[in-house]
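# Inside the fold
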Protein chains: 2
Amino acid sequence: MSTYQAKLSKDGHVYTKRDGLLGGLNTYAVIQPDRKVRSADDGHVWDVIVIGAGYAGLVAARDLVKVGKKALLIEARDRIGGRTWSAEVDGTTYEMGGTWVSHVHGRLFAEMQRYGLQDEVTPTRTDNGGCSYFTLDTGSGSRKFSLEEAAQMTARAWRIFINIDGNEGRDICPLPHSSLGNVRVSFDQVKAVDQLSCRDRIEQIRHLLTADELALIESLVPHCGGGSVENISFLEMIRAQALQGYSPETFEDIWTLYKIRGGQSTLARRIFDDAVKHGLQYTFKSPVKSIVEKGGMVSITTTSDELYHARRVINTIPIAVLPTISFDPPLSPLRQEALEINQVCYLTKIHAEVEGDLRGLRGCTWPGDFLYIYGDGFCAGGKSTRITSFAGDNRGVLDPLKEPERLEVALQRFHPMNIKKVIFHDWVSDPYAKAGAAWYPAGFLTKYLAELQKRHGNVLMASADWARGWRSFIEGAVEQGALAANVVMDELGVLGANTPPGSFEKI
Amino acid sequence: MSTYQAKLSKDGHVYTKRDGLLGGLNTYAVIQPDRKVRSADDGHVWDVIVIGAGYAGLVAARDLVKVGKKALLIEARDRIGGRTWSAEVDGTTYEMGGTWVSHVHGRLFAEMQRYGLQDEVTPTRTDNGGCSYFTLDTGSGSRKFSLEEAAQMTARAWRIFINIDGNEGRDICPLPHSSLGNVRVSFDQVKAVDQLSCRDRIEQIRHLLTADELALIESLVPHCGGGSVENISFLEMIRAQALQGYSPETFEDIWTLYKIRGGQSTLARRIFDDAVKHGLQYTFKSPVKSIVEKGGMVSITTTSDELYHARRVINTIPIAVLPTISFDPPLSPLRQEALEINQVCYLTKIHAEVEGDLRGLRGCTWPGDFLYIYGDGFCAGGKSTRITSFAGDNRGVLDPLKEPERLEVALQRFHPMNIKKVIFHDWVSDPYAKAGAAWYPAGFLTKYLAELQKRHGNVLMASADWARGWRSFIEGAVEQGALAANVVMDELGVLGANTPPGSFEKI
């Protein structure tokens, strides 16, 4: 289906009993040759350098070259997409990070419309597949529920969990894109709720839940936030509820149902190719070491000591990786404090190809190595099923690179299955991610979010990690890239073919 | 608050007992001087001419001048905004057409973020205001309900009404941006439902509703669609339900809660000014008479016989007005058939300034001259209330220009009130709208929608009237303008300051 040829990236792993753990997977996201750029070190000053080829960087770069800016994209990896990329393994597409799309993600959906992908979607779940029930294993044995029963139990528990304001989050988060104080809620009210961790909230409502409901909440929360109930801010869950319309009924459909059929990497690739067609230059495999601003000009040095200069920089490096970059002038003390605290999402997401039809598989184990599992359609050929599973923060417990065979054991706990291969990207050990999508601990957002969003001189900071709306989503990355590009356009001007017909009226 | 100076438009009316009916209202949407364009008739060929300065036209024009295209905007009125504009009357802002915003309108919200208006919102309803109850008058007397009781009755009735597939519209409209057949529903299934008018559907469920619930549904449907239950397609209501997440609970918040504080015209004005700053030329008060394409070049003639040529035209004229334009080559027979059938929204929307605090006012009369009413916050000064009311298709019954005093009588039926003035735009008699936002009759969408979206040679058709997603909304207009601009960019190219570094890899 794709018009691109998948090439081998250094990223990702596949594990099979026969061959053990092998690094590197094929993807449309690999760019070869990895460098199309005028020679460096010649003192050339770019209009803008974009650091990072995830969605934020791709959108920013595309928008800027289209208005005639001389732009250079610098990326540490051999591929585009950042924490969102699709691997192609034996004809099957696996989303290694960011996955789902919805028309409620307005900016992402607009990109899909722009590149003709709006109807090229496929659902994650096909309820009529084999093994169509929900397995709940809370340690005292494994039971099966119908998918509807499980959904109702989860929805009831979630409603109680989220209902801190008696209005299912509507009062605390009435405008999720400006959730920390706005026309309907004061900053102080939000700040009070932001002091709660998800564990704090669970303790408040524990007596209202059955043991099964409690297990579902205790696994759902870290499954969403990729951390632990102890360290994820409860406010983050309220925001999640608000963004998709305050309804547990639409939660799954908006968050985890539709994927781009050819993989996220085909969309990322279209944005990248559009940018290149309009003049974007780039250098991959070029991790940035330092960012120095002097007299309004920003100089970027890579780890191989290449030097590039620009009038503006759009820096999309994730919060967990930012501390590895040297800044001169240094980042503000408040931002440095935020980086030190850091986000909490250290999830493990793994896919497996399993024999037969397990498309209807869904389940939850708590406690367990994996929290959630679901069947994710047939693999190519239609004789095996792609299943996907998530853990929260398993650091120090289950290291997928050290004990890949334990991933198989963990999966078996949900259902007996004949696993042909296990496929994953270990985001935690990845030096250019160091973590998953950003979720924050209690007290963090009201203290640091505004600071993280601020520019640092002529370095604009654009990342889904501190997006205004769908923070930690692809949508948030697109938002940040587009907004940063607009700031650069406003400051540097754009190429206009018409003569501006005099100043426009304004008083 | 606004940085703009409101000026007198020919559009809109105000009625007072003392002065009777006066035409023309002040708005930030008026552009003076009304013409900044190189002399016409000199054979100059523009890259693109955009017809219509509503949101579709403004976004298209802005996007294109920003990538260096030579663009001319031609508008029939003295103002921008099309069917969306804000009047300023005695310090109070009145939305004369399109009104509400939400982060679920992703493209519109992105425009608000781009121009710094994301937090500049105000809610329509303030539940704690005086007169905080719901009046239901079904002809057999007027009764009062609490706002909560009314909401519950409406939600119950709506759920029954919409639930044609046993899944509240999810099965028939699983992907509302491609609602007429997609990965989850066949075109034939959608076509079958599209044969139903809202009246047909009401007859199917009438026995399940109380008399009050029936009255609420029979007034809610034409209030939404601006026509009558007899002529609005039921599929349109399912789409409405789907777009905001399949939940009656979020319907009001997404559809009718948040307004831009300074008025929609301040956002429209920012887009327009941004475009002008980057070279957009324009001519207002210039209705288009004919569109002729010959040898790939499109020539536009205005009613005052000015002639303009362009390589591409983006035509945003609404469906109800399109038949007044002469096309050569003529429009396709199928499109002409669609124009003849036309849309069905002939609503009357009126505002009033009333003495005292009626902010909590809400009500419904059925049958009645007005269907729905609500208090819409204080007027400037805080001593009077702005109320807003909607009728469906009242053509031949209540003509607001002929019997403006009857508007007052109709309003009094909801609640006794001392009306200081009535303010409205009569969209039906407006030659450049001829109707409200587009809603279609049964059978129309599955037969004509795809045809309406098609280009006509080098004339791209961009209008909210046939948007893919939020059809008939501002969001749909932004979608259409942005998509059309992208097509023009792809076909005509954009100015690139970098040299494209060779062809990009694709197989």
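Each value, and the rule that gives it
- Residues numbered from 1 in each chain as written.
- Chains lettered and ligands numbered in written order.
- Predicted model: local features only at pLDDT ≥ 70, side-chain atom pairs only at ≥ 80, totals over all residues.
- Heavy atoms only, no water.
- Least-squares fit on C-alpha atoms with pLDDT ≥ 70 in both.
- Contact = heavy atoms within 4.5 Å.
- Buried < 20%, exposed > 50% of the residue type's maximum accessible area, 1.4 Å probe, protein only.
- Helix = DSSP H or I, 4+ residues; strand = E, 2+ residues; numbered from the N terminus.
- Pairing = 2+ DSSP bridges.
- UniProt positions renumbered as here; feature names shortened; annotations may be inferred.
- Polar contact = N/O pair within 3.5 Å; in protein donor to acceptor, adjacent residues only side chain to side chain.
- Disulfide = S-S within 2.5 Å.
- Axes fitted to C-alpha atoms, helices over the stretch in contact; angles between N-to-C directions.
- Phe/Tyr/Trp six-rings, centres within 6.5 Å; stacked < 30°, edge-to-face > 60°.
- Lys NZ or Arg CZ within 6 Å of the ring centre and 35° of its normal.
- Salt bridge = Lys/Arg side-chain N within 4 Å of Asp/Glu carboxyl O.
- Buried area = accessible area lost by both parts, 1.4 Å probe.
- Expected span 1.5 Å × (residues − 1).
- Arc of directions from axis to C-beta.

### With respect to the relation of the copies chain B and chain A
Once turned by 180° and shifted 0.0 Å along the axis, chain B lies on chain A with an RMSD of 0.0 Å. Read as a symmetry element, the transformation amounts to a two-fold axis. Using C-alpha coordinates, one finds that chain B approaches the rotation axis most closely at B:G106, a distance of 1.9 Å. Same-surface contact between copies: 100% of interface residues of chain B are shared with the interface of chain A.

### Thoughts on the pairing of strand β15 (residues 297–302) of chain B
Residue and element names in this part refer to chain B. In terms of burial, β15 is largely enclosed, as five of its six residues are buried. Pairing between strand β14 (residues 288–294) and β15: six bridges, direction antiparallel. Along β15, the bridge assignment pairs E293 with V298. Hairpin connection, β14 to β15: the antiparallel pair is bridged by two residues, and G295 has positive phi, about 55°. Relative to strand β16 (residues 307–315), β15 runs antiparallel, the two being bridged by four bridges. Within the sheet, the bridge partner assigned to I300 lies in β16 and is Y308. Counted along the chain from β15 to the antiparallel partner β16, the turn is four residues long, and its residue D305 has a positive phi close to 60°.

### As for the UniProt feature "binding site: FAD" (unreviewed entry) in chain A
Residue and element names in this part refer to chain A. Here the UniProt feature "binding site: FAD" (unreviewed entry) sits at E75, A76 and V288. Spatial clustering of the annotated residues is evident: they stretch over 214 residues in sequence, but the largest pairwise C-alpha distance comes to 8.0 Å. With respect to the helices and strands, E75 occurs in the loop between β5 (71–74) and β6 (86–89). Its relative accessible area of 5% is what places E75 among the buried residues. For E75, the contacting residues outside a window of four places in its chain are G52, A53, G54, T283, F284, K285, S286 and P287. Polar side-chain contacts of E75 include one of 2.8 Å to the backbone nitrogen of R77. With relative accessibility at 10%, the residue V288 sits in the buried group. What V288 contacts, discounting residues up to four positions off in sequence, is I51, I74, I300, T301, T302 and I325.

### Topic: the UniProt feature "binding site: substrate" (unreviewed entry) in chain A
Residues and elements named next belong to chain A. Feature annotation in UniProt places "binding site: substrate" (unreviewed entry) on F390, given in this structure's numbering. Inspection of the secondary structure assignment puts F390 in strand β21 (residues 384–391). Once you skip the residues sitting within four places of it in the chain, F390 turns out to touch W100, H223, L347, T348, K349, F370, L371, Y372 and Y374.

### Some details on the state of the cysteines
If you walk through the whole model with that rule in mind, you get zero disulfides over all chains. Take A:C173: it sits in no disulfide, and the sulfur closest to it among the cysteines is that of A:C198, at 14 Å. The thiol sulfur of B:C345 is not disulfide-bonded, and the nearest other cysteine sulfur, from B:C224, lies at 10 Å.

### Some remarks on the sheet that holds strand β1 (residues 7–16) of chain B
Residue and element names in this part refer to chain B. The sheet built from nine strands is open, its strands ordered β2-β1-β22-β18-β21-β20-β19-β10-β11 with mixed pairing. Looking at which strands have only one partner, the edges of the open sheet turn out to be β2 (20–27) and β11 (142–145). For this sheet, the mean inter-axis angle between neighbouring strands, taken without regard to orientation, is 25°. In this sheet, β2 lies alongside β1 in antiparallel orientation, the contact comprising seven bridges. Residue V14 lies in a different strand from β2, and its bridge partner there is L22. Along the sheet face, helix α3 (residues 147–162) touches β10 (134–137), β11 and β19 (362–365) and points at about 100° away from the line of β11.

### Quick look at unusual backbone geometry
Backbone torsion omega between A:Q32 and A:P33 reads -5°, so that peptide bond is classified as cis. Along the chain, A:P33 falls in the loop between β2 (20–27) and β3 (35–36). Residue B:W366 is joined to B:P367 through a cis peptide bond whose omega torsion reads -5°. Counting through the fold element by element, B:P367 comes out in the loop between β19 and β20 (372–378). In this model, A:N342 sits at a positive phi of 70°, which is unusual for a non-glycine residue.

### A few points about the pairing of strand β19 (residues 362–365) of chain A
Residues and elements named next belong to chain A. Burial along β19 is two-sided: R362 and C364 and G363 and T365, pointing in opposite directions, are all buried. As paired elements, strand β10 (residues 134–137) and β19 share four bridges and run parallel to each other. Considered in β19, the bridge of T135 is made with G363. In terms of strand pairing, β19 meets strand β20 (residues 372–378) through three bridges, oriented antiparallel. Counted as the bridge partner of C364 is Y372 from β20. What sits between β19 and β20 in their antiparallel hairpin is a turn of six residues.

### Side note on the packing of aromatic side chains
On inspection of all chains with the given rule, the structure shows 34 aromatic pairs over all chains. Consider the rings of B:W255 and B:W439, whose centres lie 6.2 Å apart with planes at 50°: the pair is tilted. Here the residue B:W255 occupies a position in helix α8 (residues 248–256), and B:W439 occupies one in the loop between β22 (419–424) and α12 (444–453), the gap between them amounting to 184 residues. The pair formed by B:W255 and B:W439 is uniform in burial state, with each residue classed as buried. Site record: aromatic cluster; members linked through ring pairs are A:W158, A:F161, A:F234, A:F251, A:W255, A:W439, A:W470 and A:F473. For the cation-ring pair, A:R239 lies above A:W439, with the distance from its terminal atom to the ring centre recorded as 5.5 Å.

### Side note on the pattern of salt bridges
Summed over the entire model, instances satisfying the criterion amount to 90 salt bridges over all chains. Across the pair A:E306 and A:R35 runs a salt bridge whose closest N-O atoms are separated by 3.1 Å. Note that A:E306 is positioned in the loop between β15 (297–302) and β16 (307–315) and A:R35 in strand β3, a separation of 271 residues in sequence. We classify A:R35 as partly exposed; its relative accessible area is 32%. The partner of B:D63 in a salt bridge is B:R62, with the nearest N and O atoms 2.8 Å apart. Here the two residues B:D63 and B:R62 agree in accessibility, since each one is buried. Three or more residues joined by partner-sharing salt bridges are found here, namely A:D11, A:E75, A:R77, A:R79 and A:D430.

### What about the sheet that holds strand β12 (residues 258–260) of chain B?
Residues and elements named next belong to chain B. One open sheet accounts for three strands, arranged β8-β12-β9; its pairing is antiparallel. Each having just a single partner strand, β8 (100–101) and β9 (121–123) make up the two edges of the open sheet. Bridging between β8 and β12 involves two bridges; their strand directions are antiparallel. Directly across from W100, in β12, lies its bridge partner K259.

### Points about the side chain of A:Q118
Considering the arrangement of structural elements, one finds A:Q118 in the loop between α2 (106–114) and β9 (121–123). Overall, A:Q118 belongs to the buried group, its relative accessible area being 14%. Those residues within four positions of A:Q118 in sequence are excluded, and the remaining contacts are A:F109, A:M112, A:Q113 and B:R468.

### Overview of the interface of chain B and chain A
Taken together, the contact between chain B and chain A spans 69 residues of the former and 69 residues of the latter. The junction of chain B with chain A conceals about 6,200 Å² of combined surface from both sides, 53% of it contributed by carbon and sulfur atoms. The tally of links between chain B and chain A comes to zero salt bridges. Our enumeration of links across chain B and chain A arrives at 12 residue pairs in polar contact (both at pLDDT 80 or more).

### Section: the environment of A:T135
Residues and elements named next belong to chain A. Positionally, T135 belongs in strand β10. It is 36 Å that separates the C-alpha atoms of T135 and I319, two residues lying 184 residues apart in sequence. Residue contacts for T135: discarding those within four places in its chain leaves S142, R143, K144, R362, G363, C364 and F414.

### Observations regarding helix α9 (residues 264–277) of chain B
All names here are of chain B. With 14 residues, α9 extends 20 Å from end C-alpha to end C-alpha; this agrees with the ideal 20 Å at 1.5 Å per step. For α9, the tally of buried residues reaches 12 of 14 residues, placing the bulk of the element in the interior. Downstream of α9 by one or two residues, G279 has phi in the positive range, about 110°.

### Details of helix α4 (residues 187–194) of chain B
All names here are of chain B. For α4, the complete set of buried residues consists of V190, V193 and D194. Each buried residue of α4 lies within a common arc of 105° when the element is viewed along its axis, so the set occupies one face. Facing away from the buried side of α4 by over 90 degrees, the exposed positions are D188 and A192. The elements touched by buried residues of α4 are α7 (234–243) and α12.

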